[in-house]
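The chain contents come next:
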Amino acid sequence: MRVATLTMNPAIDGACEAEAVFPTHKIRTHDERYDPGGGGINVARVLARMGHASSLGAVEVIYLAGGATGALLDELLDQHGLDRHRIAIRDHTRQSLAVYERSSGKEFRFVPDGPLVAEGEWQAAFDHVAGFDHGWLVASGSLPRGVPVDFYARVAAALAGRDVRVVVDTSGPALAAALEQGGLYLVKPSQGEFETLIGRKLTDAQAVGEAAMEMVRSGKAAHVAVSMGHEGAVLAHAGGVIVRPALDVPVKSATGAGDSFVGGMVHGFLRGEDAAGAFRWGMAAGTAAVMSPGTDLCHPEAVRQMWEALGHE
């Protein structure tokens with residue numbers, strides 16, 4: 001099946017290591033790397049690594065990019081062998097940075113707001129995806145300045161009634177608007193994002209599952225997966241609620257873990273798995289991602305190892 005990912009606010013994701021992070025003085029860094037990033041692009045990278053770009057179906061990356069940094073993003077995407085559709089903007093593509101502090105084992109992440117996008121630019125992105133009539137559309141990541149907060153909701157409304165499974169992974173008002181539109185196939189907020197969405201704290205996985213199930217019953221999303229960090233994750237769907245504890249693994253970087261989770265779940269569904277099976281793949285990919293340094297995301301071998309370790313539901 002055709003799979004397209006939409007990234008309205010992509011980034012050149014830089015990662016490096018430093019012995020210690022402190023103010024004023026120069027901080028010498030080591031092991032620098034740069035990857036194409038942003039929610040949808042990261043999901044596409046995961047799907048490509050799991051074999052979908054070659055053997056199981058095409059993956060198209062749709063993204064906004066501009067300036068000198070936009071040209072670098074194009075180059076990085078080509079290095080990853082991703083089929084891309086660039087929508088040009090005047091402003092510059094953002095650059096993020098993750099610094100791993102060796103002395104403490106902590107990671108510091110610096111993430112800019114992103115460019116200012118003109119109406120004609122975001123409208124071009126909308127027009128491109130509004131023409132889809134089958135397959136998957138994974139709309140993932142934040143919305144840059146200038147893009148209407150209900151952009152993902154407009155996309156979902158345009159695709160309603162077609163043979164398109166719409167996945168949305170964002171937060172705040174953009175997620176609220178998309179869910180208000182309804183008809184989504186999958187959403188994956190973190191627990192904090194989910195609590196902000198519903199306006200109350202949730203004490204445990206059971207409470208998370210009950211709240212997520214209310215969302216499923218209302219028709220807002222067929223699958224609601226809530227990641228809970230070291231406490232695991234919860235999935236609500238028509239068949240009920242599934243709670244899975246987290247695996248105890250060494251954590252090197254949280255960058256891209258949520259995107260890997262989404263990519264893993266889509267991978268599972270594309271394999272023909274049911275909701276429980278896709279959820280298992282999502283958790284495996286998310287867990288494998290935190291084991292990779294910097295912006296490296298998950299690797300297939302590690303994903304399969306985590307998949308085996310999770311066992312069957």
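Preceding block: the structure.
Residues numbered from 1 in each chain as written. Predicted model: local features only at pLDDT ≥ 70, side-chain atom pairs only at ≥ 80, totals over all residues. Heavy atoms only, no water.

J.: Could you clarify how one ought to interpret the overall build of the chain in this entry?
T.: When its secondary structure is counted, the chain shows 11 helices and 13 strands. Here the chain has a C-alpha radius of gyration of 19 Å; the compact-globule value for 313 residues is 20 Å, and the two agree. Dimensions of the chain, computed from C-alpha atoms along their principal axes, come out at roughly 55 × 45 × 40 Å. Within the chain, the proportion of its 313 residues that are buried is 55%. (Helix = DSSP H or I, 4+ residues; strand = E, 2+ residues; numbered from the N terminus. Rg over C-alpha atoms; globule rule 2.2 N^0.38 Å. Buried < 20%, exposed > 50% of the residue type's maximum accessible area, 1.4 Å probe, protein only.)

J.: Is there a simple way to think about the sheet that holds strand β12 (residues 233-237) in this case?
T.: Working definition: the strands of a sheet are paired by backbone hydrogen bonds and lie parallel or antiparallel to each other. If you trace the 9 strands from one edge of the open sheet to the other, you get β5-β4-β1-β8-β9-β10-β11-β12-β13, paired in mixed fashion. A strand with exactly one partner marks an edge of an open sheet, and here the two such strands are β5 (83-88) and β13 (240-244). Within this sheet the neighbouring strands show an average axis-to-axis angle of 15 degrees, counted without direction. Relative to β13, β12 runs antiparallel, the two being bridged by 5 bridges. Bridge pairing links Val234 to Val243 in β13. The strands that helix α1 (residues 39-49) touches are β1 (3-7), β4 (59-65) and β8 (134-140); relative to β1, the one it contacts most, it runs at about 150 degrees. (Pairing = 2+ DSSP bridges. Axes fitted to C-alpha atoms, helices over the stretch in contact; angles between N-to-C directions. Contact = heavy atoms within 4.5 Å.)

J.: Help me understand the environment of Ala65 in this model?
T.: Residue position: Ala65 is located in strand β4. By relative accessible area, which is 0% here, Ala65 ends up buried. In sequence terms Ala65 and Asn9 are 56 residues apart; their C-alpha atoms lie 8.3 Å from each other. Excluding its chain neighbours within four sequence positions, the residues that come into contact with Ala65 are Gly70, Leu73, Arg86, Ile87, Ala88, Ile89 and Thr93.

J.: Can you walk me through the sheet that holds strand β3 (residues 29-37) in this structure?
T.: With respect to topology, 4 strands assemble into an open sheet ordered β3-β2-β6-β7, the strand pairing being mixed. Two strands bound the open sheet, and with one partner strand each, they are β3 and β7 (106-110). Direction aside, neighbouring strands of the sheet carry axes that sit 15 degrees apart on average. In terms of strand pairing, strand β2 (residues 11-18) meets strand β6 (residues 94-101) through 8 bridges, oriented parallel. When the sheet's bridge partners are listed, Ala11 is paired in β6 with Arg94. Here α1 sits on the sheet and contacts β2 and β3; the angle it forms with β3, its principal contact strand, is near 95 degrees.

J.: Whenever I open this one, the packing of α1 against helix α9 (residues 257-270) confuses me. Can you help?
T.: To describe two helices that pack against each other, one gives the angle between their axes and the distance between the axes. Relative to each other, α1 and α9 sit at 50 degrees, their axes nearing to 8 Å. In this view, α1 runs oblique relative to α9, as classed from their interaxial angle. Seen along the crossing, α1 lies across α9 with a hand that is right-handed. Touching Gly39, Asn42, Val43, Val46 and Leu47 of α1 are Asp259, Ser260, Val262, Gly263, Gly264, Val266, His267 and Leu270, all from α9. In terms of residue class, the contact of α1 with α9 is built from 6 nonpolar, 6 polar and 1 charged. (Parallel < 35°, antiparallel > 145°, perpendicular 65-115°, else oblique. Left-handed = near helix turned anticlockwise from the far one by under 90°. Nonpolar A, V, L, I, M, F, W, Y, C, P; charged D, E, K, R; others polar.)

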